[in-house]
Amino acid sequence: MGVRINIVVLSGKGGTGKTLVSTNLALIMKSNYVDADVEEPNGFIFLKPKIKNIDNVEVDIPSINTKLCQKCYKCVSFCEFNALAIVKNDILVFDKLCHSCGGCKIVCPFNAISYKKKTIGIIEKGISDDILCIRGVLNVGEMISVPLIKELLGNLESNINIIDSAPGTSCNVVNTLNYANCAILVTEPTEFGLHDLKRAVALVEDLKIPFGVVVNRVIEHNNIIKKYCEEKKIKILSEINYEKKIAVLYSSGSLLIDDENYKKIFINLSKKIKEHLLCN
Amino acid sequence: MKIAISSQGKEKDSLMDSRFGRCQYFCIYNTEDDSFRVIANTAINSNSSAGIEAANLVLKENIDIVITGNIGPNANEVLKRSNKKVFVSEMKKISEIINEYKTIN
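From a predicted model like this one, the values you see are computed outputs, not experimental measurements. (Residues numbered from 1 in each chain as written. Chains lettered and ligands numbered in written order. Predicted model: local features only at pLDDT ≥ 70, side-chain atom pairs only at ≥ 80, totals over all residues. Heavy atoms only, no water.)

## Looking at the confidence of the model for chain B
- Taken as a whole, chain B shows an average pLDDT of 95; of its residues, 100% reach a score of 70 or greater.
- Scoring of the predicted complex yields 0.86 for pTM and 0.79 for ipTM. (pLDDT = per-residue confidence, 0-100.)

Here is the structure:
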């Protein structure tokens, strides 16, 4: 033991089945499940872990000492994120816009800036069916989620970690991929699914992360995703059919692997991941 | 009184810009000496929170009043905390807005 392998499940397009794939896969692979979609983590709805541990995640926010501040506004001009503003006889701090870069303290000639801690969210750990489940939860109204993602993924346990990423190709996804050994791109055979898959492929290729594709909601075997993947020589790891039964199970908070037929899909996916992504 | 009006152009005949943070220009009109000048809104290229940067910009001009179409909560907070008044107008020519302001006050 002692080996840590992080498999990031991402999608480009939202709502293609990242959580469906990662929750079921984590149970089949007996790996840890990590929900890094901190703005709306929903994997625990399906895994229902018993929470054992909750930790706060804090960031540094500037605090201006008005007695020392000489209103030179160097900090205000310096801040790239416009988190500081001049107001009558004071400087207003928009803490939700602050990226905690520390620059305002450095440029202040009067030593008027210190930092105070602010809680932006929590990390919850629990156990479900013998697997470790971890998730980050960003507080409602907070805009900066990257520090929470870094705290969550920077301290992962040795084992295989299936990491359920945020959708899109934003900072949240890039920062999640910084911890990836390999990636699974989940998509659907629609124009939007293809468009956003291309963006996700560009991202993982740029970061040189080995990856494979899972196509969800397949109606016809020969679809636009398959065509694209064949042209680009991208490995399709699994296909999940478009079935009402899956939608019914998912919307009632059930796991697909409780059904023997669907369990096979994830056993096969697990094999394919080991063959194509983990043995390279 | 110095008034900053968000504007699409540099002339008195230009239309007001309905956006505050990402307007093209600010027309600065002084009611005391009838002087009129225009500054470019450097906040327009800001990656985020252009409204706060634009508010910082007009505050440096020592204005008393802002007239615009829409203003976000952050920029509004900055101006309110600096005891500046914010008026909302329909999209009209800058000269019309100035005249309207004069007739009201």
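Here the narrative resumes, following the displayed structure.
## A short note on the sheet that holds strand β5 (residues 85-88) of chain B
Residues and elements named next belong to chain B.
- The strand order across the open sheet formed by five strands is β3-β2-β1-β4-β5, and the pairing between neighbours is mixed. In this open sheet, the two strands that pair with only one neighbour each are β3 (35-40) and β5. Geometrically, the sheet is characterised by an average inter-axis angle of 20° between neighbouring strands, direction not taken into account.
- Of the pairings in the sheet, the one linking strand β4 (residues 65-68) to β5 comprises four bridges and is parallel in character. Residue pairing across strands places Ile65 opposite Lys85, the latter belonging to β5.
- With respect to the sheet, helix α1 (residues 50-60) is in contact with β1 (2-7), β2 (25-30), β3 and β4, its orientation differing from that of β2 by roughly 30°.
- Seen against the sheet, helix α3 (residues 94-104) touches β1, β2, β3, β4 and β5 and runs at an angle of roughly 145° to β1. (Pairing = 2+ DSSP bridges. Helix = DSSP H or I, 4+ residues; strand = E, 2+ residues; numbered from the N terminus. Axes fitted to C-alpha atoms, helices over the stretch in contact; angles between N-to-C directions. Contact = heavy atoms within 4.5 Å.)

## Some thoughts on the sheet that holds strand β7 (residues 131-138) of chain A
Residue and element names in this part refer to chain A.
- The strand order β3-β6-β7-β2-β8-β1-β9-β10-β11 describes an open sheet built from nine strands, whose pairing is mixed. Only two strands of the sheet have a single neighbouring strand rather than two, namely β3 (50-64) and β11 (236-241). Direction aside, the axes of adjacent strands within the sheet are offset by 20° on average.
- Where strand β9 (residues 182-187) lies against strand β10 (residues 211-218), five bridges are found, and the strand directions are parallel.

## Some remarks on the domain arrangement of chain A
Residues and elements named next belong to chain A.
- Partitioning chain A into structural domains gives domain 1 (4-57 + 121-278) and domain 2 (66-111).
- With centres defined by C-alpha atoms, the gap from domain 1 to domain 2 works out at 39 Å.
- Listed by partner, the interface residues are four residues for domain 1 and four residues for domain 2.
- Together, the buried faces of domain 1 and domain 2 total about 360 Å²; carbon and sulfur atoms form 70% of this surface.
- The largest share of the area that domain 1 buries against domain 2 comes from Glu142, Met143 and Ile144, three residues that together contribute 83% of it.
- Counting every contact that joins domain 1 to domain 2 gives zero salt bridges.
- At the surface where domain 1 touches domain 2, the tally comes to zero residue pairs in polar contact (both at pLDDT 80 or more). (Domains from an automatic or database assignment. Buried area = accessible area lost by both parts, 1.4 Å probe. Salt bridge = Lys/Arg side-chain N within 4 Å of Asp/Glu carboxyl O. Polar contact = N/O pair within 3.5 Å; in protein donor to acceptor, adjacent residues only side chain to side chain.)

## Digging into the nonpolar core
- Residues Leu10(A), Leu177(A), Leu185(A), Phe20(B), Phe26(B) and Val78(B) are the most contacted members of the largest nonpolar core, which totals 79 residues.
- Looking at which element gives the most residues to this core, the answer is α1(B), with seven residues.
- Discounting chain neighbours no more than four positions away, the residues touching Leu185(A) are Leu10(A), Leu197(A), Ala200(A), Val201(A), Val204(A), Phe211(A), Gly212(A), Val213(A) and Val214(A). (Core = buried A, V, L, I, M, F, W, Y, C linked by side-chain atoms within 4.5 Å. Buried < 20%, exposed > 50% of the residue type's maximum accessible area, 1.4 Å probe, protein only.)

## A closer look at α1(B)
All names here are of chain B.
- Counting buried positions over the eleven residues of α1 gives nine, a clear majority of the element.
- When we look at burial in α1, the residues that qualify are Ala50, Gly51, Ile52, Ala54, Ala55, Asn56, Leu57, Val58 and Leu59.
- Downstream of α1 by a residue or two, Asn62 has a phi angle that is positive, lying close to 55°.

## With respect to the side chain of Ser11(A)
All names here are of chain A.
- Examined against the element boundaries, Ser11 turns out to sit in the loop between β1 (4-10) and α1 (18-29).
- Given the relative accessible area of 0%, Ser11 is considered buried.
- Within polar-contact distance, the side chain of Ser11 engages the backbone oxygen of Lys13 at 2.4 Å.
- Among the polar contacts made by the side chain of Ser11, one reaches the side chain of Lys18 at a distance of 3.2 Å.
- Among residues more than four places away in sequence, those in contact with Ser11 are Thr16, Lys18, Pro167, Val186, Asp196 and Ala200.

## Points about the side chain of Asp259(A)
Residue and element names in this part refer to chain A.
- Within the secondary structure layout, Asp259 lies in the loop between α9 (244-251) and α10 (260-278).
- Exposure remark for Asp259: the relative accessible area of 15% places this residue in the buried category.
- Within polar-contact distance, the side chain of Asp259 engages the side chain of Lys245 at 2.7 Å.

## A short note on the environment of Asn30(B)
All names here are of chain B.
- Secondary-structure assignment places Asn30 in strand β2.
- Given the relative accessible area of 15%, Asn30 is considered buried.
- In the structure, Asn30 is positioned 74 residues away from Ile104 in sequence and 16 Å away in space, judged by C-alpha atoms.
- Filtering out sequence-adjacent residues up to four positions away, Asn30 remains in contact with Met1, Lys2 and Ser35.

## What about the pairing of β7(A)?
All names here are of chain A.
- In terms of burial, β7 is a largely internal element, seven of the eight residues being buried.
- Pairing analysis gives three bridges linking strand β2 (residues 32-35) to β7, with the strands arranged parallel. Residue pairing in the sheet places Tyr33 in a bridge with Cys133 of β7.
- Alignment of strand β6 (residues 113-128) against β7, held across eight bridges, turns out to be antiparallel. Within β7, the position partnered with Gly121 by the bridge is Leu138.

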